[in-house]
Amino acid sequence: MVVTATLLVVENEAAIVTLVQIALERHGYLVLTAASGSEALSLAASHQGPIDLLITDVVMPDLRGPELARRLVAERPGMPTLFMSGYMDDALEEAASMLPVPVNFIQKPFSPSTLTAKVREMLERQRGSRVEHT
């Protein structure tokens, strides 16, 4: 299977990480995972290739998703962000207005098909429909 994009998934609940990783890898994505914002920053700094999309939980113990996204987008301009959360958060709306890239939100719980459709839509929009359909 051809890898169509590299995704960074940041989530502190292992079961959700596993579900997300399996769903996305089945569609040909390379999935990098981190259990915290600080781990994600280290992983992104050491990853040599592009990261096409950040998928992050909004609320995490060490670094909230919006702040993580702000820092990563500063290092990797243009990288879109998909926030995951069980609830809509005022801090997310505020952060979205400050980020210079597309920000999207997916409500937990979500199905694997809903997630993969959202990811494909975001990547196609980002790349002008150059992502392969699987």
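In the block above lies the structure referred to throughout.
Residues numbered from 1 in each chain as written. Predicted model: local features only at pLDDT ≥ 70, side-chain atom pairs only at ≥ 80, totals over all residues. Heavy atoms only, no water.

K.L.:
What's the story with the pattern of salt bridges in this structure? I'm lost.
P.N.:
Pairs can form between side chains of opposite charge once their charged atoms are near each other. As enumerated under the stated definition, the model contains six salt bridges in all. A salt bridge links E11 to K108; its shortest N-O distance comes to 2.8 Å. With E11 in the loop between β1 (5–10) and α1 (14–25) and K108 in the loop between β5 (103–107) and α5 (112–127), this residue pair connects regions lying 97 residues apart in the sequence. Each of the two residues, E11 as well as K108, counts as buried. Bridged by salt links that share partners, the residues E11, D57 and K108 form one connected network. (Salt bridge = Lys/Arg side-chain N within 4 Å of Asp/Glu carboxyl O. Helix = DSSP H or I, 4+ residues; strand = E, 2+ residues; numbered from the N terminus. Buried < 20%, exposed > 50% of the residue type's maximum accessible area, 1.4 Å probe, protein only.)

K.L.:
Sorry if this is basic, but what is going on with the environment of T116 here?
P.N.:
Residue placement: T116 occurs in helix α5. Each C-alpha atom, one on T116 and one on V20, is 8.9 Å from the other, the two residues being 96 residues apart in sequence. Not counting chain neighbours up to four residues away, the residues in contact with T116 comprise A23, L24 and H27. (Contact = heavy atoms within 4.5 Å.)

K.L.:
So what exactly am I meant to see when it comes to the sheet that holds β1 here?
P.N.:
Consider a sheet: its strands pair through backbone hydrogen bonds, and that pairing is either parallel or antiparallel. Strand order in the open sheet made by the five strands is β2-β1-β3-β4-β5, with parallel pairing throughout. Here the strands that pair on one side only, and so sit at the sheet edges, are β2 (29–34) and β5. Within the sheet, the average angular offset between the axes of one strand and its neighbour, ignoring direction, is 20°. Summarising the sheet, strand β3 (residues 53–57) and strand β4 (residues 81–85) pair through four bridges and their orientation is parallel. Bridged to I55 within β4 is L82. Here helix α3 (residues 65–75) sits on the sheet and contacts β1, β3 and β4; the angle it forms with β3, its principal contact strand, is near 160°. (Pairing = 2+ DSSP bridges. Axes fitted to C-alpha atoms, helices over the stretch in contact; angles between N-to-C directions.)

K.L.:
I would appreciate a short explanation of α1 in the present structure.
P.N.:
For an α-helix, the turn length of 3.6 residues means that residues three or four places apart are oriented alike. With twelve residues, α1 extends 16 Å from end C-alpha to end C-alpha; this agrees with the ideal 16 Å at 1.5 Å per step. Regarding α1, the residues found buried are I16, V17, V20, A23 and L24. Burial along α1 is one-sided: seen end-on, the buried residues are contained in an arc of 140°. Among the exposed residues of α1, those pointing more than 90 degrees away from its buried face are A14 and A15. The secondary structure elements touched by the buried residues of α1 are β1, β2, β3 and α5. (Expected span 1.5 Å × (residues − 1). Arc of directions from axis to C-beta.)

Structural measurements only, silent on function.
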